[in-house]
Amino acid sequence: MNSKEIEAVCILAKIISFSKDKECITQLELSKLLEISQQSVSRKLNELEEIGLISKSETKNGTTVRLTNKGEELLLNCMEMIKEAIETRRELKFKGKVVSGLGEGKIFLSIKYYEEQISQKMGFLPYPGTLNLTLYDRTSIENRIMLDSIPGILIPEHKFEDRVLGAVKMFPATVSGISPAAIIIPLRTVHPKSVIEVISPYFIRDKLMLKDGDEVEVIVMT
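Quantities reported herein were computed from a predicted structural model and do not represent experimental measurements.

Parameters and conventions
Residues numbered from 1 in each chain as written. Predicted model: local features only at pLDDT ≥ 70, side-chain atom pairs only at ≥ 80, totals over all residues. Heavy atoms only, no water. 1 Å grid on protein atoms, 1.4 Å probe; cavity = no way out; pocket = protein on both sides within 12 Å on 5 of 7 lines; lining within 4 Å. Points joined across faces, edges and corners; volume = space filled by probe spheres on them. Helix = DSSP H or I, 4+ residues; strand = E, 2+ residues; numbered from the N terminus. Core = buried A, V, L, I, M, F, W, Y, C linked by side-chain atoms within 4.5 Å. Buried < 20%, exposed > 50% of the residue type's maximum accessible area, 1.4 Å probe, protein only. Contact = heavy atoms within 4.5 Å. Phe/Tyr/Trp six-rings, centres within 6.5 Å; stacked < 30°, edge-to-face > 60°. Lys NZ or Arg CZ within 6 Å of the ring centre and 35° of its normal. Lys, Arg positive; Asp, Glu negative; His and termini not counted. Salt bridge = Lys/Arg side-chain N within 4 Å of Asp/Glu carboxyl O. Polar contact = N/O pair within 3.5 Å; in protein donor to acceptor, adjacent residues only side chain to side chain. Pairing = 2+ DSSP bridges. Arc of directions from axis to C-beta.

Participant: What should I look at first to understand the layout of surface pockets in this one?
Facilitator: Empty space left among the atoms is revealed by rolling a probe the size of a water molecule over them. Of the voids in this model, the largest pocket is the one considered here, and its volume is about 430 Å³. Phe108, Tyr114, Val168, Pro186 and Arg188 are, among the 22 residues lining the largest pocket, the residues nearest its centre. Elements with a minimum of two residues in the lining of the largest pocket: helix H5 (104–109), strand S8 (164–165) and strand S10 (178–186). Top contributing element to the lining of the largest pocket by residue count: H5, with four residues.

As structure tokens, then:
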């Protein structure tokens, strides 16, 4: 869809939105709605009329505008395209090199609250330790940043009398073809965006015979 078609769809949507409680919209009303001059509105409407998306008629209140069946069909098609784009699951790929952690993952996954939450929400009991990967290409880092704006599966913050366990987001994943697994992102993390932590019911290092520096691909469906 080119820029002119996008502009046409936007105008048609405005016409539908503004005139939903009445039969039509006047050219003057459309000018105020779009915040452009009546001359500009007239030119755009003439273009839409020429390609059969609207019809115009003169009344005592001025020029009125209605969508044609073709115009309504175009809008419906656009709505379906947008709906499909929103609902389509995206595959995010991460390429990283195995690095040794500081043992924090083992401590984290040994806490009963997190263990129970992961088991309940991910359907597996996690191995007590995470696989740490350093992302080394631009696409992987961009995808990691994208995860910050995606809800994921949330383990909420939990407060005890003497401590607070922070919230964590999880994303179901496969690790070099192995599943189940998940990327975990503590909402309060000291890790840079170039590092991801992966959990699984398996000791992934052992199962894939990995050592520091080996390359691993992680795939997340969002």
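Participant: I tried to follow the nonpolar core on my own but got confused; where do I start?
Facilitator: A general trend in soluble globular proteins is that nonpolar side chains are found buried together. Of all hydrophobic cores here, the largest spans 21 residues; its most connected members are Phe94, Ile183, Val198 and Val218. Secondary structure elements with two or more residues in this core: strand S4 (91–99), strand S5 (131–135), strand S9 (168–175), S10, strand S11 (195–199) and strand S12 (215–221). If sequence neighbours within four positions are ignored, Ile183 has contacts with Phe94, Leu147, Lys169, Met170, Phe171, Ala173, Ile196, Glu197, Val198, Val218 and Val220. With 16 residues, the next largest nonpolar core counts Val9, Ile11, Ile54 and Cys78 among its residues.

Participant: Before we go on, may I ask you to explain the packing of aromatic side chains in this structure?
Facilitator: Describing an aromatic ring pair means giving the distance of the ring centres and the angle of the ring planes. Scanning the model with the defined rule gives three aromatic pairs in all. Aromatic side chains Phe108 and Tyr114 sit 4.3 Å apart centroid to centroid with 40° between the ring planes, which places their arrangement in the tilted category. Residue class for Phe108 comes out buried when judged on its relative accessible area of 14%. Ring geometry for Tyr127 against Phe203: centres 4.8 Å apart, planes inclined by 10°, an arrangement best described as stacked. Residue Tyr127 is located in the loop between helix H6 (112–122) and S5, and its partner Phe203 is located in the loop between S11 and helix H8 (204–207); the two are separated by 76 residues in the primary sequence. By way of ring pairs, the aromatic residues Phe108, Tyr113 and Tyr114 are connected into one cluster. Stacked on the ring of Tyr136, the Lys or Arg Lys97 has its end atom at 5.5 Å from the ring centre.

Participant: Looking at this structure, I do not really get the side chain of Lys169. What am I missing?
Facilitator: One can find Lys169 in strand S9. Here Lys169 sits buried without a salt bridge, and the closest side chain of opposite charge, Asp148, lies 5.0 Å off (N-O distance). Within the local environment of Lys169, its side chain forms a polar contact with the backbone oxygen of Asp148, the two atoms lying 3.4 Å apart. Once residues within four sequence positions are removed from consideration, Lys169 is found in contact with Leu147, Asp148, Ile150, Pro151, Ile153, Leu154, Ile183, Ile184, Ile185 and Leu187.

Participant: What should I look at first to understand unusual backbone geometry in this one?
Facilitator: Across residues other than glycine, the phi torsion is negative in most instances, and most of the peptide bonds are trans. The omega angle of the peptide bond from Ser179 to Pro180 is 5°, so this bond is cis rather than trans. Following the sequence through the fold, Pro180 ends up in strand S10. Located in the positive-phi region is Met209, a residue other than glycine, with phi close to 55°. Structurally, Met209 can be placed in the loop between H8 and S12. Look at Met209 and you get exposed, because its relative accessible area is 73%.

Participant: I tried to follow the pairing of S5 on my own but got confused; where do I start?
Facilitator: Every other side chain in a regular strand lies on the same face of the sheet, so the side chains alternate between the two faces. When you tally the buried positions in S5, you get four out of five residues, the bulk of the element. Pairing of S5 with S11, which is carried by four bridges, proceeds in the antiparallel orientation. For Leu133, the partnering residue across the bridge sits in S11 and is Ile196.

Participant: Any chance you could explain H6 here in plain terms?
Facilitator: Since the α-helix packs 3.6 residues into each turn, any two residues three or four apart lie on the same face. Those residues of H6 that fall on the buried side of the exposure criterion are Tyr113, Tyr114, Gln117, Ile118 and Met122. The arc enclosing the buried residues of H6, seen along the axis, measures out at 125°, which places them on a common side. What points out from H6, more than 90 degrees from its buried face, is the exposed set Lys112 and Gln120. Gly123 sits one or two residues past H6 and shows a positive phi near 85°.

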